[in-house]
Amino acid sequence: MIIPNLPGPKAKAMIERDGKVISPSYPRGYPFVMDHGKGSEVWDVDGNRFLDFMGGIAVVSTGYSHPKVVKAVQEQAEKFLHISSDFYHEGWIKLAEKLDEIAPFKEDALSFMTNSGTEAVETAIKLARYHTKRSNFIGFTGAFHGRTMGAVTFTASKAKYHGGFYPLMNGVTHAPFPNPYRPVIYRRKGEDDGEAVVRYMENEILNQILPPKDVAGILVETIQGEGGYIVPPDGFYPALRKLCDKYGILMILDEVQCGMGRTGKWWAIEHFGVEPDMITSAKGIASGLPLGACIARKSVMDWAAGTHGNTYGGNPLSCAASLATIDLIENGFMQNAAEVGAYAMDALEEIKARHPSIGDVRGKGLMIGVEFVKDRETKEPASELTERVVELGYERGLLMLSCGKSVIRIAPPLSMSKSEMDEGLKIFEDALTAAEKVNK
Ligand SMILES: Cc1ncc(COP(=O)(O)O)c(C=O)c1O
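Residues numbered from 1 in each chain as written. Predicted model: local features only at pLDDT ≥ 70, side-chain atom pairs only at ≥ 80, totals over all residues. Heavy atoms only, no water.

Moving on: the pattern of salt bridges. Enumeration according to the criterion identifies 26 salt bridges in this entry. Across the pair R49 and E41 runs a salt bridge, and its minimum N-O distance is 2.8 Å. For R49, a relative accessible area of 29% puts it in the partly exposed group. With relative accessibility at 22%, the residue E41 sits in the partly exposed group. Ionic contacts of the salt-bridge type, sharing partners, join the residues K106, E107, R241, D245, E275, D277 and R297 into one network. (Salt bridge = Lys/Arg side-chain N within 4 Å of Asp/Glu carboxyl O. Buried < 20%, exposed > 50% of the residue type's maximum accessible area, 1.4 Å probe, protein only.)

In structure tokens, the structure reads:
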């Protein structure tokens, strides 16, 4: 069913006011103006109901305004809103204890709390330099790590994130991210595309451009998000771990989008059987309240008092929301993400069989990418078709977001039910069918 006259009159009026006072740099999608949400459903200011396949860019892990998260925030708000990171409070300690318990390495974990993903990445960059006393890094093409000066230097998913902002941070070299659907490095017999990339990094980067003794860390999104929801091949992380161990380089994983139960495990790296030295988290960690964390092995987070800090680190409201969120993820939603994700992957394979414009379906848990191509042989990205599907989905009551050149990401709340997934996929296929007709 197509929702008539989108955006409605109230939404239109607000968008006009917004345009007069909000920075024009925000990359707005379609004209959705939020009124309220519940679970995986949202309503706009004109009373139109939508199902949500994007969860506020993979943030609303427990669904919109889960009563347990709301209650935790309300109770904390009654007590105190802020104390500053110069002092102590129990919510902050409890959260760090929980992060230590679920961190993807055996060694004890220490956490530095931040207000966002990019600040968590910034923390990891600074800590890596401080700990190793080395200054250079390797990042990956297609990566998104945020937009502050350090993080944006690693970000390499769109040239416009760099344009106009030079000089960026010194000392970042990019390697190609291992993309099994679009490999760029020649694969030797017996290697997978991930192992081929690590061989390239050692032979072409560390031996020819960047001496390993000057490299503090390798920063990588465990599953690439904004760059196209790309799952690297199984051989990549074991080979990367070996490379890091060989040269004393820190393995830093950005789990801001793929972590916190989204892939059906606490951290995406758990799918690959490798332990990193540091991870960054944010987005789904607190169901939408601003919170990030840089979680590092105790032996790595060795900086002295005063070397790094922030005013709002361990904000009591965010910590309360996070503890309630983690509890919900642990007690059902992570399992649900695994089950509903597998169910959606099967359904999407069936949809792919009916639509040659779908080149690839990939993902883990509720982090799924559907890549559109003009031709399955040439794999030429179908960017216009992708944006059209997003737009026609919106008109039919489904919120989606694209990523990469021609990928739609499916990243709903981890609480999404199978029947909601069915409803969403039905709209998705209707939108795709309509978009394919327009594109002919
Ligand atoms: C993998 C990853 N890292 C870092 C960030 C930056 O997080 P924030 O927007 O909270 O600064 C994002 C945001 O999309 C992300 O997806």
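The subject of this paragraph is the environment of H82. Residue position: H82 is located in the loop between α3 (67-79) and α4 (90-102). With 199 residues separating them along the chain, H82 and S281 place their C-alpha atoms 22 Å apart. For H82, the residues in contact, after removing those within four places along its chain, are T311, Y312 and P316. Here S84 takes part through its backbone nitrogen, which lies 3.3 Å from a polar atom of the side chain of H82. (Helix = DSSP H or I, 4+ residues; strand = E, 2+ residues; numbered from the N terminus. Contact = heavy atoms within 4.5 Å. Polar contact = N/O pair within 3.5 Å; in protein donor to acceptor, adjacent residues only side chain to side chain.)

It is worth spelling out a nonpolar patch on the surface at this point. On the surface, I83, F87, Y88 and I93 cluster together into a nonpolar patch covering about 460 Å² of accessible area. Position of F87 among the secondary structure elements: in the loop between α3 and α4. F87 gets classed as partly exposed once you look at its relative accessible area, which sits at 48%. (Patch = residues over 30% accessible without salt bridge, like charges linked within 9 Å, V, L, I, M, F, W, Y side chains within 5 Å. Areas by Shrake-Rupley, 256 points an atom, 1.4 Å probe, with all protein chains shown as cover.)

A separate point is the site of the ligand. If you check the shell around the ligand, you find S116, G117, T118, F144, H145, G146, E221, D254, V256, Q257 and K283 and nothing else. Within the side chain of Q257, one N or O atom sits 2.9 Å away from an oxygen atom of the ligand. Contact between the ligand and K283: an oxygen atom at 3.0 Å from a side-chain N or O atom of the residue. Across the complex, the protein chains shield 81% of the 390 Å² of accessible surface that the ligand would expose by itself. Of the residues assigned to the shell around the ligand, the class counts are two nonpolar, six polar and three charged. (Near = heavy atom within 4 Å. Nonpolar A, V, L, I, M, F, W, Y, C, P; charged D, E, K, R; others polar.)

One number sums up the size of the second largest pocket: a volume of about 560 Å³. Those elements that place two or more of their residues in the lining of the second largest pocket are α4 and β4 (109-114). Take the lining of the second largest pocket: its biggest share by element is four residues, from β4. Counted by class, the lining of the second largest pocket contains 12 nonpolar, eight polar and one charged residues. (1 Å grid on protein atoms, 1.4 Å probe; cavity = no way out; pocket = protein on both sides within 12 Å on 5 of 7 lines; lining within 4 Å. Points joined across faces, edges and corners; volume = space filled by probe spheres on them.)

Now for α3. Note on helix geometry: an α-helix contains 3.6 residues per turn, so any two residues three or four positions apart are oriented the same way. The end-to-end C-alpha distance of α3, which contains 13 residues, comes to 19 Å, matching closely the 18 Å that a straight helix rising 1.5 Å per residue would cover. Restricting attention to buried positions, one finds in α3 the residues V69, A72, V73 and Q76. Across the axial projection of α3, the buried residues extend over an arc of 95 degrees, all falling on one side. Looking at α3, the residues exposed on the side facing more than 90 degrees away from the buried face are P67 and E78. Residues of α3 that are buried make contact with α9 (316-354). (Expected span 1.5 Å × (residues − 1). Arc of directions from axis to C-beta.)

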